[in-house]
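In case you want the letters, here they are:
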Amino acid sequence: MKALVVGGTGPTGPFIVNGLLKRGYEVTIFHRGTHEVAFSREVEHIHGDPHFPETIEQALGGKSFDLAVITYGRLRHLAEAMKKRTGRFISVGGGGAYRASWLGNTETAPVPLGEDSPLQTDPELHKLSYQIVVSEKAVMEAHQQGHYVATHFRYPWIYGPNALAPSEWCIMRRALDGRKQLILPCGGLSLHSRGYAENAAHAVLLAVDKPIESAGQIYNVADDRV
């Protein structure tokens, strides 16, 4: 069985790749090659830009895979490119898909949000979050049209090894500077879901293990305890 992982060197990528290797997959990772990480076994590397149709086609060529796990790149283009290259498609987006994430009103954003919470469908409110929703729809439309069996995950802020921006650094910086006051939104009562990198990867691997149960589903991912 062959698996493609796009974004295998990101925060959850190594856990996903090692989990697939443990399950007996031959793994290929597609990434820009700006940094490398060590895996439990050798994997094939495809270096290219996963953000544009032309560079995706150039990098993947005529390759095909039993499974594609997409954690990085421009999802709507990858969703299109993988139609003829895989039968199983697992993708990762973010909680920014929810309208409540951008309203600035905690009363409209309970923690945790449910998968049936209203999505951000107004490009004027926030263009990036709107594009997240457009990309999710592209994945699910491809699933409904029978191009592949798809499952989609909405990640929270990920912390742990290789985290893109450690969320505690702003607190540490203030402490190091000797600043004794902190500005807290909502009187300090604001909560945000987080996900440890290995836990988020575990959720993705559950979809690998449960293809029938997870087919056509969209799941929120977060640690149980905030």
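Relevant structure appears above.
Numbering of residues begins from 1 in every chain and follows the order in which that chain's sequence is written. The predicted nature of this model means local features are confined to residues of pLDDT at least 70 and side-chain atom pairs, given and counted, to a pLDDT of 80 or more, with totals for whole chains, interfaces and linings taken over all residues. Each side-chain value is derived from all of the structure's non-hydrogen atoms; neither hydrogens nor water enter the calculation.

Our focus in this paragraph is the overall build of the protein. Strands here are runs of E lasting at least two residues and helices are runs of H or I lasting at least four, both read from the DSSP assignment and numbered beginning at the N terminus. The helix and strand inventory of the protein stands at seven helices and nine strands. The globule rule puts the C-alpha radius of gyration for 226 residues at 17 Å, and the 18 Å found for the protein is close to it. Projected onto the principal axes, the alpha-carbon positions of the protein cover approximately 55 × 35 × 35 Å. The buried label applies to any residue whose accessible area, calculated with a 1.4 Å probe on protein chains only, is under 20% of its type's maximum; exposed applies above 50%, and partly exposed to all values in between. For the protein, with 226 residues in total, the buried portion stands at 37%. Of the contacts formed within the protein by residues at least 6 apart in sequence, a portion of 60% connects residues at least 24 apart. Charged residues are defined here as Lys and Arg on the positive side and Asp and Glu on the negative side; His and the ends of the chain fall outside this count. Taken as the charge location is NZ of Lys, CZ of Arg, CG of Asp or CD of Glu. Seen as two clouds, the 23 positive and the 23 negative side-chain charges of the protein have centres 3 Å apart. This radius of gyration counts C-alpha atoms alone. The globule rule is 2.2 Å times how many residues there are, raised to the power 0.38. A contact between two residues is defined here by any heavy atoms of the two lying within 4.5 Å.

Another point: the side chain of Arg88. For Arg88, the location among the structural elements is in strand E5 (residues 88–94). Here a salt bridge means any side-chain nitrogen of Lys or Arg lying within 4 Å of a carboxyl oxygen belonging to Asp or Glu. Buried charged residue Arg88 carries no salt bridge. Nearest counter-charge: Glu213, at 8.1 Å. Beyond its immediate stretch of four places on either side in the chain, Arg88 contacts Asp66, Leu67, Ala68, Tyr148, Val149, Ala150, Thr151, Ala207, Pro211 and Ser214.

Relative to the assigned elements, Glu136 resides in helix H4 (residues 127–144). By relative accessible area, which is 3% here, Glu136 ends up buried. In contact with Glu136, not counting residues within four places along its chain, are Gly94, Ala97, Leu119, His152, Arg154 and Ile218.

The backbone phi angle of Asn162 is positive, close to 65°, even though this residue is not glycine. Examined against the element boundaries, Asn162 turns out to sit in the loop between strand E7 (157–159) and helix H5 (169–177).

So, about the packing of aromatic side chains. Geometry of aromatic contacts follows a simple scheme: Phe, Tyr and Trp rings, the Trp one being its six-membered ring, pair when their centres are within 6.5 Å, and the pair is stacked under 30 degrees between planes, edge-to-face over 60, tilted otherwise. Applying the stated criterion to the full structure yields three aromatic pairs. Only lysine NZ and arginine CZ atoms are considered, and such an atom sits over a ring when it is within 6 Å of the ring centre and within 35 degrees of the ring normal. Directly above the ring of Phe52 sits Arg74, whose terminal nitrogen or CZ lies 5.1 Å from the centroid.

The next subject is the sheet that holds E5. Here seven strands make up an open sheet; going across it, the order is E3-E2-E1-E4-E5-E6-E9 and the pairing parallel. Two strands lie at the open edges of the sheet, namely strand E3 (44–47) and strand E9 (218–220), each paired on one side alone. Direction aside, neighbouring strands of the sheet carry axes that sit 15° apart on average. Pairing between two strands requires that DSSP report at least two bridges joining them. Judged from the four bridges that link them, strand E1 (residues 2–6) and strand E4 (residues 67–70) form a sheet pairing that is parallel. Looking across to E4, one finds that Ala3 is bridged to Leu67. A fitted line through C-alpha atoms represents every axis, and for helices the fit uses only the stretch in contact; the resulting angles, taken between N-to-C directions, go from 0 to 180 degrees. Together, E1, strand E2 (26–31) and E3 form the strand contacts of helix H2 (residues 53–60), whose direction differs from that of E2 by roughly 145°.

Counted residue by residue, helix H1 (residues 13–22) has seven buried out of 10 residues, so it is predominantly covered. Listed in full, the buried residues belonging to H1 are Gly13, Pro14, Ile16, Val17, Gly19, Leu20 and Leu21. Residues of H1 that are buried sit in contact with E1, E2, E4, strand E6 (149–155) and helix H6 (197–209). Of the residues one or two after H1, Gly24 is the one with positive phi, at around 95°.

Side chains of E4 alternate between two faces, with Leu67 and Val69 and Ala68 and Ile70 buried alike. Pairing between E4 and E5: three bridges, direction parallel. From the neighbouring strand, Ala68 faces E5, where its bridge partner is Phe89. Assessed by its sense of winding, the connection that carries the chain from E4 through helix H3 (residues 75–81) to E5 is right-handed. Handedness of a crossover is defined as follows: orient the strands so they point away from the viewer, and if the path from the first strand over the helix to the second runs clockwise, the crossover is right-handed.

Taken as a whole and assessed by the stated rule, the structure comprises eight salt bridges. The salt bridge involving Glu136 is made with Arg154; its shortest N-O contact spans 2.7 Å. Taken together, the residues Glu136 in helix H4 and Arg154 in strand E6 connect sequence positions 18 residues apart. What you see here is one network of salt bridges that share partners, running through Glu57, Lys84 and Arg85.

Right, let's get into the environment of Thr151. Position of Thr151 among the secondary structure elements: in strand E6. Put simply, Thr151 and Ala215 are 64 residues apart on the chain and 5.7 Å apart in space, counted from C-alpha to C-alpha. Thr151 has contacts with Arg88, Phe89, Ile90, Ser91, Met140, Ala207, Ser214, Ala215, Gly216, Gln217 and Tyr219, leaving out every residue within four places of it along the chain.

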